[in-house]
Amino acid sequence: MSQTPRDLLYSDVEEDLRASVRDLLKDKAGPEALLARVETAEGYDLKLWRTLADEVGVAGLAVPEELGGHGASAREVAVVAEELGRSVAPVPFLGSVVLATTALVHAGARDFVGRLAAGQAIGALAVPLSTAPGAGFPSSVTANPDGTLTGRVGTVADASVADLLVVPAAGPDGPGLYVVEATAATVSELVSFDLTRRVADVELSNAAAVLVASGPEAASALENALLFGAGILASEQTGVAEWALTETVAYLKGRYQFGRPVGGFQSLKHRLANLYTNLVLARAAARNAADALATGTDVPIAVAVAQARNAPIAVKATEEAIQLHGGIGMTWEHPAHLYLKRAKADEIALGTPGRHRARLADLVDLPA
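Remember, it's a predicted structure, so these values are computed and weren't measured experimentally.

Along the chain, Gln-307 turns up in helix 9 (residues 299-324). Taking relative accessible area as the criterion, Gln-307 reaches 0% and is therefore assigned buried. Setting aside anything within four residues of it in sequence, one finds Gln-307 in contact with Ala-230, Leu-233, Ala-234, Gln-237, Pro-312, Asp-346, Ala-349, Gly-351, Pro-353 and His-356.

Turning next to the packing of helix 9 against helix 11 (residues 353-363). Direction vectors running N to C along helix 9 and helix 11 enclose 150 degrees, while the axes themselves pass 8 Å from each other. Put simply, helix 9 runs roughly antiparallel to helix 11. At the point where helix 9 passes helix 11, the crossing takes the left-handed sense. Contacts from Pro-300, Ile-301, Ala-304, Val-305, Gln-307, Ala-308, Ala-311 and Pro-312 of helix 9 reach helix 11 at Pro-353, His-356, Arg-357, Arg-359, Leu-360 and Leu-363. In terms of residue class, the contact of helix 9 with helix 11 is made up of 10 nonpolar, two polar and two charged.

The subject of this paragraph is the packing of aromatic side chains. Applying the stated criterion across every chain, the model contains one aromatic pair. An angle of 0 degrees between the planes, with centres 3.7 Å apart, marks the rings of Trp-243 and Tyr-339 as stacked. Highlighted residues: Trp-243 in helix 7 (residues 216-254) and Tyr-339 in helix 10 (residues 336-348), separated in sequence by 96 residues. By relative accessible area, which is 10% here, Trp-243 ends up buried.

One way to see where empty space is left: roll a probe the size of a water molecule over the atoms. By volume, the largest pocket is sized at about 380 Å³. If you go around the largest pocket, you meet 16 residues; those closest to its centre are Pro-31, Arg-86, Ser-87, Trp-243 and Tyr-339. For the lining of the largest pocket, the elements supplying multiple residues, two or more each, are helix 1 (12-28), helix 2 (31-38), helix 4 (74-87) and helix 7. Taken together, the residues of the lining of the largest pocket break down into seven nonpolar, four polar and five charged. Along the walls of the second largest pocket sit 23 residues, with Ala-62, Ala-74, Thr-102, His-106 and Phe-228 positioned nearest its centre.

Most often, soluble globular proteins keep nonpolar side chains buried together rather than apart. With 69 residues, the main nonpolar core has Trp-49, Leu-52, Phe-93, Leu-104, Leu-125, Leu-177 and Ile-232 as its most contacted residues. Sort the elements by how many residues they give to this core and helix 7 lands first, with 10 residues. Among residues more than four places away in sequence, those in contact with Trp-49 are Val-58, Val-91, Pro-92, Phe-93, Val-97 and Ile-122. Counting residues in hydrophobic clusters, the runner-up holds 28 residues, among them Trp-243, Leu-279, Ala-317 and Tyr-339.

Rules of the game
Residues numbered from 1 in each chain as written. Predicted model: local features only at pLDDT ≥ 70, side-chain atom pairs only at ≥ 80, totals over all residues. Heavy atoms only, no water. Helix = DSSP H or I, 4+ residues; strand = E, 2+ residues; numbered from the N terminus. Buried < 20%, exposed > 50% of the residue type's maximum accessible area, 1.4 Å probe, protein only. Contact = heavy atoms within 4.5 Å. Axes fitted to C-alpha atoms, helices over the stretch in contact; angles between N-to-C directions. Parallel < 35°, antiparallel > 145°, perpendicular 65-115°, else oblique. Left-handed = near helix turned anticlockwise from the far one by under 90°. Nonpolar A, V, L, I, M, F, W, Y, C, P; charged D, E, K, R; others polar. Phe/Tyr/Trp six-rings, centres within 6.5 Å; stacked < 30°, edge-to-face > 60°. 1 Å grid on protein atoms, 1.4 Å probe; cavity = no way out; pocket = protein on both sides within 12 Å on 5 of 7 lines; lining within 4 Å. Points joined across faces, edges and corners; volume = space filled by probe spheres on them. Core = buried A, V, L, I, M, F, W, Y, C linked by side-chain atoms within 4.5 Å.

Here you go:
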């Protein structure tokens with residue numbers, strides 16, 4: 001049975017969106033600003049985030065128009081994630097736009113979605129950042145008979161700047177998805193390996209909560225958010241790898257040794273060629289995952305392939321960038337270490353490559 005070919009190339013609309021985001025990040029989140037920002041106590045650049053949310057409209061990008069958003073698809077969200085990966089800008093895009101908002105959209109929580117889509121609030125999905133799609137409904141938080149929540153969730157992405165916490169909780173009638181105002185929880189920021197994406201522990205003690213979905217609907221909303229997050233994360237990893245290759249090529253062209261550019265040495269050319277080949281593969285996998293999320297076609301398979309492939313590619317690219325930059329690449333003053341830390345943190349986020357390979361084997365009926 002023939003299938004209609006899928007166009008994974010970037011559309012004109014997507015390229016225009018990319019240009020807008022890239023220009024803003026180049027102006028507001030360049031290497032010097034980035035290095036200065038991660039040295040501060042607050043870490044996040046909330047002024048930049050408000051500009052992205054209000055002027056560019058990324059906060060409500062994939063939210064349906066009837067819920068107050070722009071009605072774009074996962075493909076456009078993936079383009080933004082790719083550019084944020086290129087800059088590792090310290091903004092709560094993954095926690096708020098990708099995870100929390102997606103969960104609330106699938107739960108049909110119109111009022112809360114509207115606040116997030118308009119950029120009036122920042123959200124965080126209260127699950128450990130390492131939680132993979134297919135992991136099942138968590139039980140670390142329980143719903144009390146009076147509707148309040150009690151429990152603790154560790155390493156929640158972007159929780160330290162969140163206004164709303166989307167909390168999966170086990171109740172007497174089964175799983176439920178709740179919204180908790182961050183002021184009702186105790187949020188303790190941790191020392192994060194990735195300085196550009198902070199994680200925090202969330203403690204709930206009889207915290208007032210609003211139930212937005214229950215039973216199978218709650219489980220489905222959570223699973224869709226995790227799938228969406230893992231699929232979009234592949235585009236972020238592509239952006240990280242692209243930055244590593246682009247900056248390394250530029251450096252090797254300008255660095256001379258023995259009277260010739262270092263990049264002219266054959267062994268280094270081979271290493272760069274391997275990085276380029278891997279980047280092409282990463283972009284193809286990420287685009288396929290984004291298109292699958294947009295069309296609903298083989299979503300779990302496309303996401304598992306993208307994460308199994310892109311996470312190690314981003315790590316390898318950033319490791320090579322540090323090595324090929326020589327001494328300067330090892331210093332705190334060069335941003336390469338921030339990209340390596342983002343790549344390593346992303347390798348664990350929303351499931352490790354091994355976890356996704358195992359899930360893929362199960363999805364396509366391969367023996368374990």
